[in-house]
Amino acid sequence: STIYLSDYEVPAYLIDTTDLAFDLGEESTKVTSQLHIRRNPASKTSNAPLALHGTELDLISLAIDGRTLDATEWTQSGEQLIIADVPTEFVLRCETLIRPQDNTSLEGLYKSSGMFCTQCEAEGFRKITYYLDRPDVMSVFTVEIIADAQRYPVLLSNGNLSATETLADGRHKTVWQDPFPKPAYLFALVAGKLACVEDRFTTMNGREVALKIYVENKDADKCDHAMASLKNAMRWDEDVYGREYDLDIFNIVAVDDFNMGAMENKSLNIFNTSCVLAKPETTTDAGFQRVEGVVAHEYFHNWSGNRVTCRDWFQLSLKEGFTVFRDAEFSADMGSPTVKRVEDVTLLRTAQFAEDAGPMAHPIRPDSFIEISNFYTVTVYEKGAEVVRMIHTLLGPELFRKGSDLYFDRHDGQAVTCEDFVLAMEDASGVDLGQFRHWYSQAGTPKLAVSAQYDADEQHYTLTVKQSCPATPGQTSKAPFHIPLAVALLGEAGQLALQLQDGEPNTETADNTEMVLSVTEPEQSFTFTGIHEEPVPSLLRGFSAPVKLDFAYSREQLLCLMRSDSDGFCRWDASQQLGLAEINQALADLAAGREVAPDSAYLDACRDLLADETLDGAMVAMMLQLPSEAYLAEIFHPVDVIALHRAREALRLAIAIALQAELQACYERCSSDAAYAADAAQIAQRSLKNTALAYLMLVDDDSARNLAISQFENSENMTDRLAALNSLVNSAAPYKADALQRFYQNWQHEPLVINQWFQVQAMCRLPGSIDRVQALMAHPAFDIRNPNKVRALIGAFCGQNSVNFHREDGAGYRFLADQVIVLNRSNPQIASRLLVPLTKWRKYLPAAQQLMCAELKRILAQPDLSSDVYEVVSKSLQDY
Ligand code: ARG
Ligand code: ZN
């Protein structure tokens, strides 16, 4: 059944204190709760029954103020336990039994590699005990944990450790108290045999904080990077947001089986091992960066999420959009800002734009949902972060900081809404965000069509901007958005000074050459005065708004932007637009039976990039890569996957042949035997080197193969080794079977490395990948109950190997549906995520559409569909 934002009501009851006692056992776990409950004075419904959430619980007893209730005094319906008659204030005592060892959904309390752990966001707490499992019910928690001392020497929960006790029968007990009131979704418990890596941090006001990372013994040597990232994040939040940590202890625990990346439980963050563990021999550069970003993200939630939390789950972007924006700015400050920006924009323009154009499109603050787990989306997270970034752009850094200070100050200890956030920004800055609020309520990616006119006599340059937004499910027409459009004008000698006719002189940038235009009308013109020559417009600088921009650039203009724009994002984007033009040409050439021949000016530009040692290598690497197939799928309608793949590959080969000498020189220049560091300079160098290697391997001659083989055998870091393996797997080199086997043998004891091994094979572009993937499903190292393995093999094949997933006989679609049907029973959250590639069926050619739809209907016809899978399948088959 559908839940609507417009139905929100304050809770009828509040829970002031929550005392939990866990008796953890191998057969079953007993949970005893004592809740101090009182009627909510703000609730309009008097005499409301007490309706508690609970699911898959075995109820043993219920008592009110010490009197045990008999079975006639409560009823159960669906997920609710209803007690009709309760006093205005009372203590409810409740005993339940649960079986964490059988919990494969990885929600609530479950076991992973012999350890007990929890995941309660969004609605997992109701799988632990009966409760008011909603974020606007905040309570002070005390948690007692009893378990076998040998098997579970470490017992953790939120807040401060207040007591430990050794019990008679080989068991022990700890008691934890969290002084900060919190919603149930931030509760956490961990019990296991864990190694602990310790450090400390002194806050800006001198508080000494013990930092502890708990991992399995064998992983204790992989925590340094997470620890350094944590300390950097703690300092950064003080420096940039004035936010200080508020307890004497901060714990991180790594678990193998985890549905998402990590979880910000108060003072006890629980992480997927893939987002904590890192060392050069086992972890790629991308892995190091992910650890840094996720550690920071969860830490930043302590303020943006925990101290100030969400009123209801429709407000999820309040904490997630803001926190993603915060972690992105942090990562930019720690590494290369332009590279980070390009990576984030790439994710947005592929996955998020696709979501916004598909059957599950929703605003960053959705109006309704069937299953909230389905709304932990790129829209809520990444587009949500773009919306906060736009506020930052419109206010400027100082006023934005005033706004965030006011927000944290005003709402500390409260559960609030996106509106409260915008209002704080408005109140602190005086900037009117009235029209801007449409970004919260309207789905779909706006399109900006820009045209330009130069008047040489008047020395006027006019940009005309038209905005529109396509219909999305439930929203046919859209009000115009307030879009910050950052622009500069490039002249012969550099950027021109900007002065708007009838406008205020621009005060934002020191040198007056960049300006943020406020686009608010369906159609609007901006005239710049004193423009002495016809400029090349640099538009949407830094990707200042999550929109699709359309401007009819000539090839010369794009080459100019690619060579000389001072905005790194626009430079890169110009390279992508040039690449797109080449792909279009290659499609036409192949269709006409001609050979693919890249444009010589484009090749010259690539040659210049390869030779220019002053440029950031990571930028060069990104600019040399053609637009991805995922990006092309957002541009072409309908998407002919196989034709696009062939054209893109033919073009890549032609580029590799034309630039072979330059690529070789670049590869050699970037090879180094410096000791590994995950710093921006080295990451840049490796990414350029491996981009060159991937091109060279397309030619697939002996010299390229020897480079790859030697890199595979001799490199001491996983970035280079995996890049070499990837090139080999996608080549015809006879050595590749050997390489795969040796890699497996060397790393079979490292699950995270074996995930990479699965993924490289799942993403192999060559024909026959599906057979390989199916065979690997039976490999002893594969485990369908482990989400990381599922993502590495099934997720990567269906989501990142278009040409094989979209095989014309539909085998890829059938395979995915089969796996979704299996996972629907064991882990509905993972099943519904995996399903996403099928939901995009409307984009493809008619034959593919039919095959994809048939698989969706087959899933829908299954008995016992979870709400997670049901929502995604039924919505994707609906007309809109
Ligand atoms: N709040 C977590 C984060 O942003 C994600 C938790 C997601 N949980 C879920 N059941 N979908 O890091
Ligand atoms: Zn988050």
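Residues numbered from 1 in each chain as written. Chains lettered and ligands numbered in written order. Predicted model: local features only at pLDDT ≥ 70, side-chain atom pairs only at ≥ 80, totals over all residues.

An unreviewed UniProt entry lists the chain under the name Aminopeptidase N, with Zhongshania borealis given as the organism. As recorded by UniProt, the Cofactor (unreviewed entry) comment attached to the chain reads in full: "Zn(2+)". Its UniProt record gives the chain the following Catalytic activity (unreviewed entry) comment, quoted word for word: "Release of an N-terminal amino acid, Xaa-|-Yaa- from a peptide, amide or arylamide. Xaa is preferably Ala, but may be most amino acids including Pro (slow action). When a terminal hydrophobic residue is followed by a prolyl residue, the two may be released as an intact Xaa-Pro dipeptide." (UniProt positions renumbered as here; feature names shortened; annotations may be inferred.)

## Things to note about the overall build of the chain
Secondary structure summary: the chain contains 27 helices and 32 strands in total. Against the compact-globule benchmark of 29 Å for 880 residues, the chain has a radius of gyration of 28 Å, which places it among compact chains. Summarising its shape, the C-alpha atoms of the chain cover approximately 85 × 70 × 60 Å along the three principal directions. Here the analysis covers contacts within the chain between residues at least 6 apart in sequence; of these, 71% occur between residues at least 24 apart. (Helix = DSSP H or I, 4+ residues; strand = E, 2+ residues; numbered from the N terminus. Rg over C-alpha atoms; globule rule 2.2 N^0.38 Å. Contact = placed C-beta atoms within 7 Å.)

## Overview of the site of ligand 1
Taken together, 13 residues sit near ligand 1, with Glu121, Met260, Met263, Ser373 and Tyr376 positioned nearest. At the level of secondary structure, the elements contributing two or more residues to the shell around ligand 1 comprise strand 20 (262–263) and helix 2 (285–300). Among the residues forming the shell around ligand 1, the class breakdown is 5 nonpolar, 4 polar and 4 charged. (Near = placed C-beta within 6 Å. Nonpolar A, V, L, I, M, F, W, Y, C, P; charged D, E, K, R; others polar.)

## Concerning the UniProt feature "domain: Aminopeptidase N-like N-terminal" (unreviewed entry) in the chain
Within this numbering scheme, the UniProt entry marks residues 26–186 as carrying the feature "domain: Aminopeptidase N-like N-terminal" (unreviewed entry). When the span residues 26–186 is considered, its composition is 0% helix and 49% strand, and the gap between its end C-alpha atoms is 25 Å.

## Remarks on the sheet that holds strand 2 (residues 13–23)
Pairing is mixed across the open sheet formed by 8 strands, whose spatial order is 6-5-9-3-2-12-15-14. Of all the strands in the sheet, just strand 6 (67–68) and strand 14 (160–166) have a single pairing partner and so form its edges. Bridge count between strand 3 (residues 29–39) and strand 9 (residues 89–98): 10 bridges; the pairing is antiparallel. Counted as the bridge partner of Thr29 is Ile98 from strand 9. (Pairing = 2+ DSSP bridges.)

## Concerning the pairing of strand 3
As judged from the 10 bridges shared by strand 2 and strand 3, these two strands associate in the antiparallel manner. If you follow Ala21 over to strand 3, its bridge partner there is Thr32. In this antiparallel pair of consecutive strands, strand 2 and strand 3, the connection spans 5 residues.

## Side note on the nonpolar core
By size, the foremost hydrophobic cluster in this structure holds 260 residues, and its most contacted members are Leu189, Val190, Ala191, Val253, Ile270, Leu485 and Leu834. Each residue touching Val253, except ones within four places of it in the same chain, is listed here: Cys117, Leu156, Val190, Tyr214, Leu268, Ile270 and Phe271. (Core = buried A, V, L, I, M, F, W, Y, C linked by C-beta atoms within 7 Å. Buried ≥ 20, exposed ≤ 12 C-beta atoms within 10 Å, placed from the backbone.)

## Some thoughts on the sheet that holds strand 18 (residues 208–215)
Spatial ordering of the open sheet is given by 17-18-19-21-20, a layout of 5 strands whose pairing is mixed. Strands with a single pairing partner mark the edges of an open sheet, and in this sheet they are strand 17 (195–202) and strand 20. As judged from the 8 bridges shared by strand 17 and strand 18, these two strands associate in the antiparallel manner. Directly across from Ala195, in strand 18, lies its bridge partner Val215. Those strands touched by helix 1 (residues 224–241) are strand 17, strand 18 and strand 19 (249–255), and its axis lies near 25° from that of strand 17. (Axes fitted to C-alpha atoms, helices over the stretch in contact; angles between N-to-C directions.)

## Overview of helix 14 (residues 660–670)
Turning to helix 14, its buried residues are Leu663, Cys666, Tyr667 and Cys670. In an axial view of helix 14, the angular spread of the buried residues amounts to 100°, which keeps them on one side of the axis. Residues Ala661 and Glu668 are exposed on helix 14 and point more than 90 degrees away from its buried face. The inward-facing, buried residues of helix 14 contact helix 10 (600–611), helix 11 (617–624), helix 13 (641–658), helix 15 (680–699) and helix 16 (702–714). (Arc of directions from axis to C-beta.)

## Section: the packing of helix 15 against helix 16
Interhelical geometry of helix 15 versus helix 16 gives an angle of 135° and a closest axis separation of 8 Å. By the angle class used here, helix 15 and helix 16 are oblique. On the side of helix 15, the interface is formed by Leu693, Leu696, Met697 and Val699, while helix 16 contributes Ala704, Leu707, Ala708 and Gln711. Taken together, the residues of the contact of helix 15 with helix 16 break down into 7 nonpolar, 1 polar and no charged. (Parallel < 35°, antiparallel > 145°, perpendicular 65-115°, else oblique.)

## Examining the pairing of strand 16 (residues 189–192)
What you see with strand 16 is no split at all: Leu189 and Ala191 on one side and Val190 and Gly192 on the other are buried throughout. Judged from the 4 bridges that link them, strand 13 (residues 154–157) and strand 16 form a sheet pairing that is antiparallel. Among the inter-strand pairings, Ser157 is bridged to a residue of strand 16, identified as Leu189.

## Comments concerning the environment of Lys212
Residue placement: Lys212 occurs in strand 18. When the C-alpha positions of Lys212 and Leu268 are compared, they lie 9.5 Å apart, and in sequence the two are 56 residues distant. Residues within four places of Lys212 in sequence aside, it is in contact with Cys196, Glu198 and Asn251.

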